Protein chains: 2
Amino acid sequence: MDTEQLTQKILDGDRRALARAITLVESGRKDHRAKAGELLSELAKHKRQSLRIGLSGTPGVGKSTFIESFGMMLTGLGLRVAVLAVDPSSARSGGSILGDKTRMERLSRDKNAFIRPSPSQSHLGGVARRSREAVALCEAAGFDVVLIETVGVGQSETVVAEMSDLFLLLLAPAGGDELQGVKRGIMEMADLILVNKADGPLKPVATRTCADYAGALRLLRKRPQDPEGFPKALMVSAVEEHGLDKAWEEMQALAAWRRENGHWERRRADQACYWFDQEVRQALLARLETPDAKAQMAELAGTVASGGKSPGEAAQIMLQALGAA
Amino acid sequence: MDTEQLTQKILDGDRRALARAITLVESGRKDHRAKAGELLSELAKHKRQSLRIGLSGTPGVGKSTFIESFGMMLTGLGLRVAVLAVDPSSARSGGSILGDKTRMERLSRDKNAFIRPSPSQSHLGGVARRSREAVALCEAAGFDVVLIETVGVGQSETVVAEMSDLFLLLLAPAGGDELQGVKRGIMEMADLILVNKADGPLKPVATRTCADYAGALRLLRKRPQDPEGFPKALMVSAVEEHGLDKAWEEMQALAAWRRENGHWERRRADQACYWFDQEVRQALLARLETPDAKAQMAELAGTVASGGKSPGEAAQIMLQALGAA
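Residues numbered from 1 in each chain as written. Chains lettered and ligands numbered in written order. Predicted model: local features only at pLDDT ≥ 70, side-chain atom pairs only at ≥ 80, totals over all residues. Heavy atoms only, no water.

Chemist: Sorry, what's going on with the interface of chain B and chain A here?
Modeler: One frequent convention defines the size of an interface as the accessible area lost when the parts assemble. With 47 residues of chain B at the contact, the number on the chain A side is 47 residues. Counting each side, the surface lost to burial between chain B and chain A is near 4,100 Å², with a carbon and sulfur contribution of 69%. The tally of links between chain B and chain A comes to zero salt bridges. In terms of residue count, the dominant contributor to the side of chain B that touches chain A is helix α11 (residues 263-285) of chain B (12 residues). Of the residues that constitute the side of chain B that touches chain A, the class distribution is 29 nonpolar, five polar and 13 charged. (Contact = heavy atoms within 4.5 Å. Buried area = accessible area lost by both parts, 1.4 Å probe. Salt bridge = Lys/Arg side-chain N within 4 Å of Asp/Glu carboxyl O. Helix = DSSP H or I, 4+ residues; strand = E, 2+ residues; numbered from the N terminus. Nonpolar A, V, L, I, M, F, W, Y, C, P; charged D, E, K, R; others polar.)

See the structure below:
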């Protein structure tokens, strides 16, 4: 299929063409990269936009159940929903809930939903670009909502936040000192904190957890992109499908406010600049990603850790080896 | 003075030699860099260690008063104290409290204290290396405590935390929703949060602020390098010199625990590896720091922001211009 045909089919919302195009952007082959670039340029001309919702939550918080329930609610409202995963560590096995479509059985059969697991790449930079391009393809294919989920390994939350219009943090109820730790910076990225499992015997715990996080959110610096009262902490039950409508209402209110106040477009422009900068930097740093360079960096790091060389001396050796000193 | 003489004088604790050596490591001249490298290698053989205390706090929290009172208390205990600043933005004017020694009048006259303002460099990478080397010189000169302060511009807190054994965050009392925002990730870096100005009419507010931050700290993930009860939030009054002894007690307890449990040495080794890695990366990215490259990056970013080019297309153009595509 040539680029023109593929472009048209994607614009028509053809799911198989979309899946094929995502496979194309995920490919490392040079001719595939060239074709992917062409395709993305063509599609960009149509300037279609979805609501991009980033979602982070560690394993065990009920993320797949949440995506299933929330996604079904959205398709029930007549919306088309795409679900993508950014998961640099686990490839297709293990960590990523989306590696296992059977856990989102209803949603994966819904004709208004499209689910795509994370590309199997261990390098976060590569995953980021491929995911960003997959999001652009879903937007061009006319999805109303693109949900981008991550298990939050390393910097993957930042990656997802930088390609989302709204960023949700899903947490489980936890009591007192057992409160699950919130990773560096993630609270400040969140637009909504959703405390899941607010059902059955966990409900009182969820209520307290939610109040705790609401308090913690108030301690964070006010962000210009937030109207009064945001970021918020809410309770939901993905299993009982409670609170999902309220959460969706808040997301829409926030998105509408940001659109009206210029923050939506500004954020998208800032994100595009961020990715431009990242791509340049990653390309310059790619010399450190070869097996040889990695081995030498590891060896020198060992010498530095044991005090055999200073950081500066070791850096000089490495840069000489790279021909960059 | 040749390197051998300078080495000996620094080891003898000669303040003028120390000041001269810091000027040497701050220099960008190639022959100075070579001599600085030699000097640092020589001094490293003696393996002298200080307690390195990082301190962050925005202007207005009373940081200079705190450093003065805390420093005077330490010299009163017979300890030798060096104070360094990491402040990439302001050079010698404005932001940095240490730019104005008169604000630490007593401490700057104390023969057991050594105060050095931030090097005037706008590039954080450069400031980081020079500061790290200045810390090493102070350690070699036999200071018991090296206080490294930053106003917390951009990534400067990370820079300071990565060269400190303990990291303190100094905050001012603030009521309710006016609570000053805590920047991304900084709470997670802090070993102690000190709420200053716990005196006079602000005391009740300070008490509540301290409790709020103690609560927020409990929400963070437990770190392996912390004994039970850390990180802590404490109240101090730098003006009335209250709570400084208690804060020092906590710092010593934490440092002792980390030494006994292997975290001290591991952290120093990790920090050395971090700086090795950073130096290599910064050198590879240095091509983006020339005026020409900066101008072209800015121009392309403008095109990306307005939607004229995709991030990937713009990155390709930039990399070609750098001869790195």
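Chemist: How should the sheet that holds strand β5 (residues 166-171) of chain A be read in this particular structure?
Modeler: Either a parallel or an antiparallel arrangement is found when strands of a sheet pair, and the pairing is made through backbone hydrogen bonds. Residue and element names in this part refer to chain A. The seven strands are arranged β3-β2-β4-β1-β5-β6-β7 in an open sheet whose pairing can be described as parallel. At either margin of the open sheet sits one strand with a lone partner, and together these are β3 (113-116) and β7 (232-235). Ignoring which end each strand starts from, the neighbouring axes of this sheet average 20° apart. Where strand β2 (residues 81-86) lies against strand β4 (residues 145-150), six bridges are found, and the strand directions are parallel. Of the residues in β4, the one forming a bridge with Val86 is Thr150. (Pairing = 2+ DSSP bridges. Axes fitted to C-alpha atoms, helices over the stretch in contact; angles between N-to-C directions.)

Chemist: Any chance you could explain the pairing of strand β1 (residues 51-56) of chain A here in plain terms?
Modeler: Both faces of the sheet carry side chains from a regular strand, because those side chains alternate between them. Residue and element names in this part refer to chain A. Most of β1 sits out of view: six of its six residues are buried. Every second residue of β1 is oriented toward a common face, with Leu51, Ile53 and Leu55 on one face and Arg52, Gly54 and Ser56 on the other, all of them buried. For β1 and β5, the ladder comprises four bridges, and the chain directions are parallel. Following the sheet pairing, Leu55 is matched in β5 by Leu168. (Buried < 20%, exposed > 50% of the residue type's maximum accessible area, 1.4 Å probe, protein only.)

Chemist: Explain the packing of helix α4 (residues 63-76) of chain B against helix α10 (residues 244-260) of chain B to me, please; I cannot follow it from the model alone.
Modeler: Residue and element names in this part refer to chain B. One way to put it is that α4 packs onto α10 with a least axis distance of 10 Å and a crossing angle of 70°. Taken together, the axes of α4 and α10 are roughly perpendicular relative to one another. Here Phe66, Ser69, Phe70, Met73 and Leu74 of α4 lie close against α10, whose contacting residues are Leu244, Asp245, Trp248 and Met251. Considering only residue class, the contact of α4 with α10 consists of seven nonpolar, one polar and one charged. (Parallel < 35°, antiparallel > 145°, perpendicular 65-115°, else oblique.)

Chemist: Any chance you could explain unusual backbone geometry here in plain terms?
Modeler: Omega for the peptide link from Phe230(A) to Pro231(A) comes to -10°, which places this bond in the cis form. Along the polypeptide, Pro231(A) turns up in the loop between α9 (203-218) and β7. We note that Lys197(B) has phi near 65°; this positive angle belongs to a residue other than glycine. In this structure, Lys197(B) sits in the loop between β6 (192-195) and α9 (203-218). In this structure Lys197(B) comes out as partly exposed when scored by relative accessible area, which is 28%. The backbone of Glu241(B) sits at a positive phi, close to 55°, despite the residue not being glycine.

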